[in-house]
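# Working through the structure, step by step
One letter stands for each residue in the lines below.
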Amino acid sequence: MESTEVLRISRLARIDLDQDEGARFADQLTKILAYFEKLQEVDTGGVSPASHPTDLVAPVRADRPDGWEAPRDLVARSDGHTDEFYRVPRVLE
Amino acid sequence: MAGQEWSSAREIVEKVRAGTLTATRVAQHYLERIEQHDPHLHCFLDVRPETVLDQAKEVDARVERGDTDGALLGIPVAIKDNLCTTDHSTTCASQILQGYRSADDATVVRRIREAGGIVLGKTNLDEFAMGASTENSCAGPTSNPHDLKRVAGGSSGGSAAAVAAGLAPLALGSDTGGSVRQPASFCGVVGLRPSYGTVSRYGLIAFASSLDQVGPFALNVGDAAMLWEVVAGPDPRDSTCHPLANGDKSLPSDLSQLRVGVPREYHVDDVEKETRSVIQQCLSHLEERGATLVPVSLSLTEYSIPTYYLVVMSEASSNLSRFDGVRYGPRGRGGSTGEGHESHDLESLYRTTRTRFGEEVKRRIMLGTYALSAGYYDAYYKKALQVRHKIREEFEQAFEQADVLLGPTTPTPAFPIGEKSQDPLELYLCDVFTAGSALAGIPGISLPAGKSGDGLPIGAQIFGPRLSDRSLLVVAGEIEGCLGGGQTPVELNHGS
């Protein structure tokens, strides 16, 4: 993987890499991806992708509100809050 | 062990229920062990003795009133730090979650408390459970109680080592591709990965959602079963925890009726000689007890590692997008230390926040992003899902010939700290015997089966068909009996 490709992926992933990390990752990711190429040896013609280990369908329940006691508690765990409201940086000057 | 009045977690419950032992005495014992030994082992990230003793006193007060209900009455349980607990921080051993306090307990933690269990503390792990040695923790590695210079395994290394060293009678970990079974094998304890969908993940910080499962550690199979019974079962808060998935598909419990499948690909030259010979002895014991050994093939074993890593990296890149400084994680600031000026736009806020991820987490998010990106999706992610389908079918076919499958949990015993940390790919290869079964969603249990010449534990792994958890535990108990019974805590001698 070229370092320009590493840069492209880091932008997509919203991860800043310093120069050292960029160089190291280019080398390591190339090696790991080369190993992943092994999968091309497996014949998967006509095989459907299994994104889950089971064929179970997620159960549904009635869309009824269920009481939860802790909204204030939840807000209180943020960096900034007033009563049950979050404080966020000003967006209008 | 000197000063310990019980030989198993089950005995703690019996004695507390009978009034011959107090939960406070039990809690004090484990808190003292932690104080004495944890500076050398580094199993725990957060222990609050007062909170532990308060919980124990509540249990004792209940017992005094005659209320002795609860399958875990008075038992302290160590909890991996990717499971939310309201009375501790939950950090996933990551800088990005330092100081995070959850507003709710994970369902498994709530069930432990409701069963009279006590949350003993939060244990060390590889950051976001990404690793096989607990060296990727932002707080530093956990040592193996059998040899402090070696890794405890991972990612649930803190939980496994705590149980092995007698710092906790029971612990919970999570297993995505081997993170309960591999450290159990390295530390010489029992570790169960339950069938996918049988234990709630509500409150487990998501890494790879089609694989993550919560599982118990214990010194013997009976104790592991006791904890599994408490945490397993449907949960309306986790829609992947199926209401019908109760883990009670049955297997023959009598060894003389049992067909033990021996996967050819798990008994190869890549496995260290001593490990091969311990597993061979284990199979011979079973044969002597009347079990029928059946050769089976899991021919896709060598493809399970690339399949597994493409799936987990892709899922992780999506799951970890929530650590962006808005939903989770402290707002990132500019500069190399993240302590500079306020981010000037959303994009830079995300990027500066996410510099707090450790290197392995960044590497996996990057690879997952790549595998899901335009032009590469079919060649990597979709291909991996197709191979996953074939791996699942191959396990199903093996279970047509055998009731359970048995092989080594890992190709080698615990390796020295630092030995593999510079080469991520070499560390990925440690998962070769645990990743495939995780992709297939079947249960697997690692049992101590013997030791190497250096005194390092070697684990045998037993797989059952999907949803056979309860009877797999019965079979594992029988096999444990053949191998000489459960374990006792390691006698630690670190010169203090």
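Refer to the structure printed above.
Everything in this summary refers to the structure shown in the same document. Everything numeric in this text was worked out from a predicted model, so none of it was measured.

All names here are of chain B. The terminal C-alpha atoms of helix 15 (residues 469-482), which comprises 14 residues, lie 20 Å apart, in line with the 20 Å expected from a rise of 1.5 Å per residue. Residues of helix 15 that are buried include every one of Asp-469, Ser-471, Leu-472, Leu-473, Val-475, Ala-476, Ile-479, Glu-480 and Cys-482, and no others. Elements in contact with the buried residues of helix 15: strand 7 (190-193), helix 7 (221-231), helix 8 (273-288), strand 11 (404-408), strand 12 (444-451) and strand 13 (457-463). Gly-484 sits one or two residues past helix 15 and shows a positive phi near 105°.

A contiguous nonpolar patch, built from Trp-68, Leu-74, Tyr-86 and Val-88 of chain A and spanning about 420 Å² of accessible area, is present on the exposed surface. Assignment of secondary structure puts Tyr-86 of chain A in strand 2 (residues 85-86).

Looking now at helix 8 of chain B. Taking 1.5 Å of rise per residue, the 16 residues of helix 8 of chain B would be expected to cover 22 Å, and the 23 Å separating its terminal C-alpha atoms lies within 8% of that figure. Among the structural elements, strand 9 (259-263), strand 10 (292-296), strand 11, strand 12, strand 13 and helix 15 of chain B are those in contact with the buried residues of helix 8 of chain B.

Residue and element names in this part refer to chain B. Strand order in the open sheet made by the 11 strands is 1-3-2-6-8-7-12-13-11-9-10, with mixed pairing throughout. Strands at the two margins of the open sheet, each flanked by one partner only, are strand 1 (44-46) and strand 10. Sheet twist, expressed as the average angle between the axes of neighbouring strands with direction ignored, equals 35°. Together, strand 9, strand 10, strand 11, strand 12 and strand 13 form the strand contacts of helix 8, whose direction differs from that of strand 11 by roughly 150°. Relative to the sheet, helix 15 contacts strand 7, strand 11, strand 12 and strand 13, its axis offset from that of strand 12 by approximately 5°.

This part takes up unusual backbone geometry. Residue and element names in this part refer to chain B. The residue after Gly-154, namely Ser-155, is reached through a cis peptide bond having omega 10°. The topology assignment puts Ser-155 in the loop between strand 5 (147-151) and helix 5 (157-164). Residue Cys-92 is not a glycine yet carries a positive backbone phi of 55°. Relative to the helices and strands, Cys-92 resides in the loop between strand 2 (76-80) and helix 4 (107-114). Residue classification places Cys-92 among the buried residues on the basis of a relative accessible area of 1%.

All right, on to the environment of His-389 of chain B then. When you line up the elements, His-389 of chain B lands in helix 12 (residues 378-401). Along the primary structure His-389 of chain B and Leu-439 of chain B are separated by 50 residues, whereas in three dimensions their C-alpha atoms are 8.6 Å apart. Each residue touching His-389 of chain B, except ones within four places of it in the same chain, is listed here: Val-47, Ser-48 and Ala-50 of chain A.

This brings us to the interface of chain B and chain A. Every contact between the two is made by 63 residues of chain B and, on the other side, 50 residues of chain A. Counting the surface lost from both chain B and chain A, the interface buries some 5,200 Å², and carbon and sulfur atoms represent 64% of this. Joining chain B to chain A, the criterion identifies six salt bridges. On the surface where chain B and chain A come into contact, there are 22 residue pairs in polar contact (both at pLDDT 80 or more). If you list the elements that add at least two residues to the side of chain B that touches chain A, you get helix 9 (301-319), helix 10 (346-353), helix 11 (359-372), helix 12, helix 13 (424-428) and helix 14 (435-440) of chain B. Looking at which element gives the most residues to the side of chain B that touches chain A, the answer is helix 12 of chain B, with 12 residues. Taken together, the residues of the side of chain B that touches chain A break down into 29 nonpolar, 14 polar and 20 charged.

Here we come to the side chain of Asn-82 of chain B. All names here are of chain B. Along the chain, Asn-82 turns up in the loop between strand 2 and helix 4. Accessibility expressed as a relative area gives 3% for Asn-82, which makes it buried. Polar contacts involving the side chain of Asn-82 include one to the side chain of Ser-174, which spans 3.0 Å. Residues in contact with Asn-82, not counting those within four places in the same chain, are Thr-90, Cys-92, Leu-125, Ala-129, Ser-174, Gly-203, Leu-204 and Ile-205.

Evaluation of the coordinates by the stated rule reveals 31 salt bridges over all chains. When the shortest N-O distance is used, the salt bridge between Glu-347 of chain B and Arg-14 of chain A registers 3.4 Å. Taken together, the residues span two chains, with Glu-347 of chain B in helix 10 and Arg-14 of chain A in the loop between helix 1 (3-12) and helix 2 (19-36). Residue class for Glu-347 of chain B comes out partly exposed when judged on its relative accessible area of 33%. The class of Arg-14 of chain A is partly exposed, set by a relative accessible area of 31%.

Residue and element names in this part refer to chain B. Inspection of the entire model under this criterion finds 16 aromatic pairs over all chains. Between Tyr-266 and Phe-463, the ring centres sit 6.2 Å apart and the planes meet at 90°, which makes this aromatic pair edge-to-face. Of this pair, Tyr-266 sits in the loop between strand 9 and helix 8 while Phe-463 sits in strand 13, and the two are 197 residues apart along the sequence. Assigned by exposure class, Tyr-266 and Phe-463 land together as buried. Members of the aromatic cluster, each reached through a chain of ring pairs, are Tyr-100, Phe-128, Phe-323, Tyr-328 and Phe-357. Just above the ring of Phe-415 sits the side chain of Lys-420; from NZ or CZ to the centre is 5.0 Å.

What counts and what doesn't
Residues numbered from 1 in each chain as written. Chains lettered and ligands numbered in written order. Predicted model: local features only at pLDDT ≥ 70, side-chain atom pairs only at ≥ 80, totals over all residues. Heavy atoms only, no water. Helix = DSSP H or I, 4+ residues; strand = E, 2+ residues; numbered from the N terminus. Expected span 1.5 Å × (residues − 1). Buried < 20%, exposed > 50% of the residue type's maximum accessible area, 1.4 Å probe, protein only. Contact = heavy atoms within 4.5 Å. Patch = residues over 30% accessible without salt bridge, like charges linked within 9 Å, V, L, I, M, F, W, Y side chains within 5 Å. Areas by Shrake-Rupley, 256 points an atom, 1.4 Å probe, with all protein chains shown as cover. Salt bridge = Lys/Arg side-chain N within 4 Å of Asp/Glu carboxyl O. Pairing = 2+ DSSP bridges. Axes fitted to C-alpha atoms, helices over the stretch in contact; angles between N-to-C directions. Buried area = accessible area lost by both parts, 1.4 Å probe. Polar contact = N/O pair within 3.5 Å; in protein donor to acceptor, adjacent residues only side chain to side chain. Nonpolar A, V, L, I, M, F, W, Y, C, P; charged D, E, K, R; others polar. Phe/Tyr/Trp six-rings, centres within 6.5 Å; stacked < 30°, edge-to-face > 60°. Lys NZ or Arg CZ within 6 Å of the ring centre and 35° of its normal.

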